[in-house]
Amino acid sequence: MKFPTRPLALGLLALGFSALIFSRAQAGGGHYYPPVADPLVKEECGSCHLAFPASMLPASSWKRMMGELDSHFGDNASVDPEVARKITAYLVANAADTGGQRYGAKLQRGVDPASAPQRITALPKWVREHREVPDWEWRHKDVRSKANCTACHADAELGYYED
């Protein structure tokens, strides 16, 4: 008896392709970063701007940023030392090179592991993804900053950064 290898191979190929598509859908595709889940981080960071997902930067960046809160992008964002310690612990545990690797690795491609980048908007992948956005759009009254993700990405607070 001859075993039907062609239908079996096609079936396995279809199953493999379906599994790949399903895993990407579960992960939110290539533009999903788990949103901040810690209420303290949401409250403290989110009071001034979107609480950016920890998986968007490596641990060294979060440590550096939290150590320089007195000059946080031109503002004094200092918090109580105990609050800063708790926020730092959450960000480091979920950073792109620690707990958030599954999601953050894609944004870290091309970033020197020894560096501690401070601006998500300066990362090579971010720059590539936004290269077609004209300068005038960044200056629009509803946008005003490259860090204002929610101006264009309606579901950014949920972790989705699709166009």
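Our structure's up above, just so we're on the same page.
In this text, all values refer to a predicted model and were calculated from it rather than measured experimentally. (Residues numbered from 1 in each chain as written. Predicted model: local features only at pLDDT ≥ 70, side-chain atom pairs only at ≥ 80, totals over all residues. Heavy atoms only, no water.)

Chemist: Which residues make up the pattern of salt bridges, and what are the values?
Modeler: For the structure on display, the rule yields four salt bridges. The closest approach of N and O atoms between Arg-64 and Glu-68, which form a salt bridge, is 3.6 Å. For Asp-142, the salt bridge is made with Lys-141, and the minimal N-O distance between the two is 3.7 Å. You can call Asp-142 partly exposed: its relative accessible area is 49%. Judged by its relative accessible area of 61%, Lys-141 is exposed. (Salt bridge = Lys/Arg side-chain N within 4 Å of Asp/Glu carboxyl O. Buried < 20%, exposed > 50% of the residue type's maximum accessible area, 1.4 Å probe, protein only.)

Chemist: Go over the layout of surface pockets with me, naming the residues and quoting the values.
Modeler: Put simply, the largest pocket is a space of about 870 Å³. Lining the largest pocket are 36 residues, and of these His-49, Leu-50, Phe-52, His-72 and Phe-73 sit closest to its centre. Across the lining of the largest pocket, the residue classes tally to 21 nonpolar, ten polar and five charged. Estimated volume of the second largest pocket: approximately 390 Å³. (1 Å grid on protein atoms, 1.4 Å probe; cavity = no way out; pocket = protein on both sides within 12 Å on 5 of 7 lines; lining within 4 Å. Points joined across faces, edges and corners; volume = space filled by probe spheres on them. Nonpolar A, V, L, I, M, F, W, Y, C, P; charged D, E, K, R; others polar.)

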